[in-house]
Amino acid sequence: MSRIQAFTRSLGVLIGLAFASTSALLSDASTTVPASNENRAPFAIAFSRDGSRAYVTEMAEGSVAVLDTAARKVLDRYRTGGERPAGLAVTPDGRELVVANSFSGTVAILDAATGTQRALVALPGMPYGVKVSPDGKRAYATVSQLDQVAVIDLKTAAVTARVPVGRRPRALDLTPDGKTLVVANLTGGSLSLIDTVALKSRGEFKLKGTNVRGVTVTADGEEAYATLMPPFNALPAGDPKEIWHNLVQAVRLSSDPPLKGEDQWMDFARVAGEADILGSADQHDIVLDKDARHAWIAVSGRDVVTRITIHDTRRIVIWPFSQQETRVGANPRGLAITPNGREVWVANHLGNSLTVVSTDSPTVLGTVLLGPATKQDPTILGQYLFNHSGLTRNQ
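### Some remarks on the overall build of the protein
If you tally the helices and strands in the protein, you get 2 helices and 30 strands. Out of the 395 residues in the protein, the part that is buried amounts to 55%. By sequence separation, contacts in the protein at least 24 residues apart represent 44% of the contacts at least 6 residues apart. Element-wise, carbon and sulfur atoms account for 53% of the exposed surface of the protein, whose accessible area totals about 17700 Å².

### Description of the sheet that holds strand E5 (residues 85-90)
Pairing in this open sheet of 4 strands is antiparallel, and the strands run E5-E6-E7-E8 from one edge to the other. Lying at the two open borders of the sheet, with one neighbouring strand each, are E5 and strand E8 (117-122). The mean inter-strand angle of the sheet, taken between neighbouring strand axes irrespective of direction, is 20°. Pairing between strand E6 (residues 96-101) and strand E7 (residues 106-111): 6 bridges, direction antiparallel. Paired with Ala 100 across the bridge in E7 is Val 107.

### Focus on the packing of aromatic side chains
All told, the structure shown has 2 aromatic pairs when counted by the stated rule. Both rings, one in Phe 43 and one in Tyr 128, keep their centres 5.7 Å apart while their planes meet at 85°; by these two values the pair is edge-to-face. Separated by 85 residues along the polypeptide, Phe 43 in strand E1 (residues 42-47) and Tyr 128 in strand E9 (residues 127-132) bring together distant segments of the chain. The two residues Phe 43 and Tyr 128 agree in class, both being buried. Ring centres of Phe 47 and Trp 345 lie 5.5 Å apart, and the angle between their planes is 90°; this geometry places the pair in the edge-to-face category. Of this pair, Phe 47 sits in strand E1 while Trp 345 sits in strand E28 (residues 343-348), placing them 298 residues apart in sequence. By relative accessible area, which is 0% here, Trp 345 ends up buried. Looking at Arg 84, its charged tip hangs above the ring of Phe 103, at a distance of 5.6 Å from the centre.

### Some details on helix H2 (residues 380-387)
Along H2, the residues classified as buried are Ile 380, Tyr 384 and Leu 385. End-on, the buried residues of H2 take up no more than an arc of 140°, which puts them together on one face.

### A short note on the sheet that holds strand E29 (residues 353-358)
Ordered in space as E27-E28-E29-E30, the 4 strands form an open sheet in which the pairing is antiparallel. Only two strands of the sheet have a single neighbouring strand rather than two, namely strand E27 (332-337) and strand E30 (364-369). Direction aside, the axes of adjacent strands within the sheet are offset by 20° on average. Here E28 runs beside E29; their pairing, made up of 6 bridges, is antiparallel. Its bridge partner being in E29, Ala 347 is matched across the sheet by Leu 354.

### Quick look at the pairing of E27
Along E27, 6 of the 6 residues are buried, which leaves the element largely enclosed by surrounding structure. Note that E27 and E28 share 4 bridges and pair antiparallel. If you follow Pro 332 over to E28, its bridge partner there is Asn 348. Hairpin connection, E27 to E28: the antiparallel pair is bridged by 5 residues, and Gly 341 has positive phi, about 75°.

### Topic: the nonpolar core
Of all hydrophobic cores here, the largest spans 20 residues; its most connected members are Tyr 55, Leu 88 and Leu 97. Elements that contribute at least two residues to this core include exactly E1, strand E3 (63-68), E5, E6 and E7. Ignoring sequence-local partners within four residues, the contact set of Leu 97 consists of Tyr 55, Val 64, Tyr 78, Ala 89, Val 90, Ala 108, Ile 109, Leu 110 and Ala 112. Counting 17 residues, the second-largest nonpolar core is a separate cluster that includes Val 98, Val 132, Ala 150 and Ala 157.

Thresholds, definitions, all that
- Residues numbered from 1 in each chain as written.
- Predicted model: local features only at pLDDT ≥ 70, side-chain atom pairs only at ≥ 80, totals over all residues.
- Heavy atoms only, no water.
- Helix = DSSP H or I, 4+ residues; strand = E, 2+ residues; numbered from the N terminus.
- Buried < 20%, exposed > 50% of the residue type's maximum accessible area, 1.4 Å probe, protein only.
- Contact = heavy atoms within 4.5 Å.
- Areas by Shrake-Rupley, 256 points an atom, 1.4 Å probe, with all protein chains shown as cover.
- Pairing = 2+ DSSP bridges.
- Axes fitted to C-alpha atoms, helices over the stretch in contact; angles between N-to-C directions.
- Phe/Tyr/Trp six-rings, centres within 6.5 Å; stacked < 30°, edge-to-face > 60°.
- Lys NZ or Arg CZ within 6 Å of the ring centre and 35° of its normal.
- Arc of directions from axis to C-beta.
- Core = buried A, V, L, I, M, F, W, Y, C linked by side-chain atoms within 4.5 Å.

Following this line, the structure appears as structure tokens:
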């Protein structure tokens, strides 16, 4: 048998195993079915100040979907002028959108009412997360491949400063007064704090793990909460579920230097009627209510959104009190709470949809289908298989 024949046979076996594994996973009644071979790949969500409009980046389309939040339907779509748009933000006056085109290395400034592009800022190095200052004068964008945050003057559309941060920054958030920018360093396993007045780093706070995908700041600006994964490298590999864990960790920003806050080990989910506990595989985005009573986490590896309590004196050390899960669409990534605080909107990255969840209970209020994509993608089932934990023990 030639090398080419051997390789072809091996490749055929791997493809067959992948199809069999996917079929087994999708045949499970508890598993969410991903999109077919058309997917707009929704990623990040932002609302207008009055909550009447929702804006969603569509990674596979290079576009932003504009939705009527009351009717839960798509009204329009804006081209972002680049590929794989990730983070986006709405300016405080609601007039413009700022969008990071991650693969193109640009940041687009769009008219929120018409989608007209006012500027396209060159920002090579995979810009990813975006936040706008409370006064609307600046935008901050993480430049993932350069380990820095770029500061953009929104009036002139010029990059005016670059601040070094930790390894592979992605998500970021601002304190309400706009004076501190909190940056989640994905592979660095840390939060970088930037003084936005001096445009200098206040330091880097080392977290308990890595894969820091989401970060959010409390409404009073006192704390930041991040999603991460602590590795248990000293343990034997005989029990894979003991190698990686999923954690939500808080950092007290008001202290100088910042101090460690509460943390919650998230791998204690229970399905009704089942004895086993499940993991919270591949946590992504995290959002908080204004009263800092609950946090919602997108668990992209299990197609659920988990609500946990925070600042809860009744919770024991390692078991989140009143942890509640809501099944959503395939591979949830981005989250946003409506300005009235009543709904959490979820971007189902491989489900071509958005799920609307009540903040009062683990109830799905509605689903928004994003409609046909402009091109077909035959890899969606493979992406779902790769990103889902359903084939692993204890998920």
